[in-house]
Amino acid sequence: MNYFEVILGLICHGREIGRTCVQLSASSQFTAAVEAEQQINGRYGKDVYSHTVDVHPITEEEFIYVNAA
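Residues numbered from 1 in each chain as written. Predicted model: local features only at pLDDT ≥ 70, side-chain atom pairs only at ≥ 80, totals over all residues. Heavy atoms only, no water.

Undergrad: What's the story with the sheet that holds strand 2 (residues 15-26) in this structure? I'm lost.
TA: For sheets, the rule is that strands pair by backbone hydrogen bonds, running either parallel or antiparallel. The sheet built from three strands is open, its strands ordered 2-1-3 with antiparallel pairing. With partners counted over all chains shown, the strands left at the sheet margins are strand 2 and strand 3 (48-58), one partner each. Pairs of neighbouring strands in the sheet enclose a mean axial angle of 20 degrees, with direction left out of account. Sheet contacts for helix 2 (residues 60-68): strand 1 (2-12), strand 2 and strand 3; angle to strand 2, the most-contacted strand, approximately 115 degrees. (Pairing = 2+ DSSP bridges. Helix = DSSP H or I, 4+ residues; strand = E, 2+ residues; numbered from the N terminus. Axes fitted to C-alpha atoms, helices over the stretch in contact; angles between N-to-C directions. Contact = heavy atoms within 4.5 Å.)

Undergrad: Looking at this structure, how should I read the packing of aromatic side chains?
TA: Two aromatic rings, taken as a pair, are described by how far apart their centres are and by the angle between their planes. The full count for this structure, using the stated rule, is one aromatic pair. Their ring planes at 35 degrees and their centres at 4.7 Å tell us that Tyr3 and Phe63 sit as a pair that is tilted. Placement of Tyr3 in strand 1 and of Phe63 in helix 2 is noted, with a sequence separation of 60 residues between them. Its relative accessible area of 19% is what places Tyr3 among the buried residues. (Phe/Tyr/Trp six-rings, centres within 6.5 Å; stacked < 30°, edge-to-face > 60°. Buried < 20%, exposed > 50% of the residue type's maximum accessible area, 1.4 Å probe, protein only.)

As structure tokens, this is what we get:
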């Protein structure tokens, strides 16, 4: 598995209301983006959805450090 940091924009009624970031493990950048969007969409409900802004590969150490904090 590879580790990625996915930056997502949050959209509500057609307007960007903020951004968030998710670190996760996935097989590719594309699957990381899809999984991150599904996680965030499940958290905010039906009025807010997310879209991927950028995907960065990170090291395993960075992934472990962020998730341990």
